[in-house]
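# Analysis of the macromolecular model
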Amino acid sequence: MGRKMISLTVGLKLAFAGGAVTPAVTVKDVLYAPAKSQMTTGSCERMGSEIVRTGVVNPLVRQNAPDPFTTYDAKSGWYYHIHTDNPTDGSGGFSADNVVLHRARRAGELLKSDESRVVYRANADDGVYGFLWAPEMHRAPNGKWYVYTSCTRSPNGGVKRLLVLEARTDDPFDGFRFKGCPDESIFAIDPTVFTASDGLQYICYSQVKAGKGQVLQIREMTSPWTFGSRQSELAFAELPWECVPPYDKSKILEGAFFVTGAKNDRIFIIYSANGCWSKDYCLGVLEHQGGDICDASNWKKWPKPVFASGNGVYGPGHAAFFRSPDEKELWISYHFLADENISNGPTDRLFALQKFNVDVETGVPAVTTPVRPGECSPAPSGEGGAGVRAY
């Protein structure tokens, strides 16, 4: 029996394992082996029989790691990373029953060390039955860490609800507890949060709406786990590059993330368009024009994507952004496909990191091209320490 696909609504599906599955794309080592001409790019060097890299080589690991969130915590000196914890055995499963937190002292070491821990497991006591997609970890205005994700609330699957988890201590490796599902009435995924300069917190997520597919919704928060009353629909897929077939019918905007300018005086939401298994998956930008953040009329959509396929990287998207340790650089954490995946079917998504272009004066995000797989790039600025072994 093949994979059983249960359609939930327009533009979004859950896949449930049902015996035999579609084989995953085979990622050949040679595809990501750096060419001799690349050995001296970035900060790579050869030492004996090993290539020691003090920078970053994409993909960081050759395994399924979709929806990657990465951040640098200056207080602890750790890079933290989470992704949707789907099986890595090539099965294409989507159960994601755990939230697994990874950390490293160097960006290029993420997922390569033993510094990882299951910080939350789906369980019946909390009424959380898995499908913990696209978790993100943020510090809230109260100083505590929270994980924002989505889940199913029934053992039989079904609609997705937003979920908030609260850290048990100031060290996120000590685990997270169930805090709540802020709105049990909406079908939504991919929550991300932002704290404005006045201390107010906002959340943006992808919500399924009849006739529109997945749209971006913004909402105020009265606490890190509670929604306020003000909200609005920020954007839906409408531009040609957002609606590449077959996503001209099942339209998708998802994976939003807030980014601020160099002086935190400008606010952007960078989001993904099309489907996550498509080579046409790409990143678009919404720019805040000032005024009420919850008022959709105060946001402007950029006419063209800011990050798309190139340099042998297909379907880059579902991005998170973080500042380098010295705060001089903006970095992007994203996934991409191992090949063009013409069938648009479930396939592995690989984890990548790279510096993102910004305007030198304003810090406004600028069009960026993916770094070629296997190429070594310098580490985030301000990062110290010894090199890391290439895996």
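Residues numbered from 1 in each chain as written. Predicted model: local features only at pLDDT ≥ 70, side-chain atom pairs only at ≥ 80, totals over all residues. Heavy atoms only, no water.

## A closer look at the side chain of T71
- Tracing the backbone shows T71 in strand β6 (residues 69-73).
- On the basis of relative accessibility, which here comes to 16%, the residue T71 falls in the buried class.
- Excluding its chain neighbours within four sequence positions, the residues that come into contact with T71 are W78, Y79, Y80 and F322. (Helix = DSSP H or I, 4+ residues; strand = E, 2+ residues; numbered from the N terminus. Buried < 20%, exposed > 50% of the residue type's maximum accessible area, 1.4 Å probe, protein only. Contact = heavy atoms within 4.5 Å.)

## Points about empty space enclosed by the protein
- Under the defined criterion, the tally for this structure stands at 2 cavities of 30 Å³ or more.
- Of the volumes computed, that of the second largest cavity is approximately 30 Å³.
- The wall of the second largest cavity is formed by D67, P68, F69, A134, P135, E136, F257, H318, A319 and A320.
- Only β10 (133-139) and β22 (314-323) provide two or more residues apiece to the lining of the second largest cavity.
- Class assignment of the residues belonging to the lining of the second largest cavity gives a composition of 7 nonpolar, 1 polar and 2 charged. (1 Å grid on protein atoms, 1.4 Å probe; cavity = no way out; pocket = protein on both sides within 12 Å on 5 of 7 lines; lining within 4 Å. Points joined across faces, edges and corners; volume = space filled by probe spheres on them. Nonpolar A, V, L, I, M, F, W, Y, C, P; charged D, E, K, R; others polar.)

## Considerations on the sheet that holds strand β21 (residues 299-301)
- Judged by pairing direction, the sheet is antiparallel, and its 4 strands sit side by side in the order β18-β19-β20-β21 without closing on themselves. The sheet is open, and its two edges are formed by β18 (253-260) and β21, each paired on a single side. Put simply, the sheet's adjacent strands are angled 25° from each other on average, direction ignored.
- Across 6 bridges, strand β19 (residues 267-273) lies against strand β20 (residues 282-288) in antiparallel orientation. Bridging across to β20, S272 finds its partner in L283. (Pairing = 2+ DSSP bridges. Axes fitted to C-alpha atoms, helices over the stretch in contact; angles between N-to-C directions.)

## Description of the pairing of strand β14 (residues 188-195)
- Extensive coverage of β14 is indicated by the burial of 7 of its 8 residues.
- The pairing of β14 with strand β15 (residues 201-209) spans 6 bridges and is classified as antiparallel. Bridge pairing links T195 to Q201 in β15.

## Points about the pairing of β15
- In terms of burial, β15 is largely enclosed, as 8 of its 9 residues are buried.
- Hairpin connection, β14 to β15: the antiparallel pair is bridged by 5 residues, and G199 has positive phi, about 90°.
- Examined bridge by bridge, β15 and strand β16 (residues 213-223) share 9 bridges and lie antiparallel to one another. Within β16, the residue paired with S206 across the bridge is L216.
- Hairpin connection of β15 to β16: 3 residues between the antiparallel strands, including G211 at a positive phi of 85°.

## Overview of the pattern of salt bridges
- The final tally for this structure, using the stated rule, is 22 salt bridges.
- With its nearest N and O atoms 3.1 Å apart, the salt bridge here joins K75 to D170. Residue K75 is located in the loop between β6 and β7 (78-82), and its partner D170 is located in the loop between β12 (160-167) and β13 (176-180); the two are separated by 95 residues in the primary sequence.
- Its relative accessible area of 39% is what places D170 among the partly exposed residues.
- Its salt-bridge partner being E166, residue K144 comes within 3.8 Å of it at the nearest N-O pair. With K144 in the loop between β10 and β11 (145-152) and E166 in strand β12, the pair connects residues that are 22 residues apart, well separated along the chain.
- For E166, a relative accessible area of 4% translates into the label buried. (Salt bridge = Lys/Arg side-chain N within 4 Å of Asp/Glu carboxyl O.)

## Let's talk about the confidence of the model for the chain
- With 82% of its residues at a pLDDT of 70 or more, the chain shows a mean pLDDT of 84.
- Low pLDDT (under 50) marks residues 385-391, which in the prediction has 20 contacts with non-local residues, meaning those over four places away or in another chain. (pLDDT = per-residue confidence, 0-100.)

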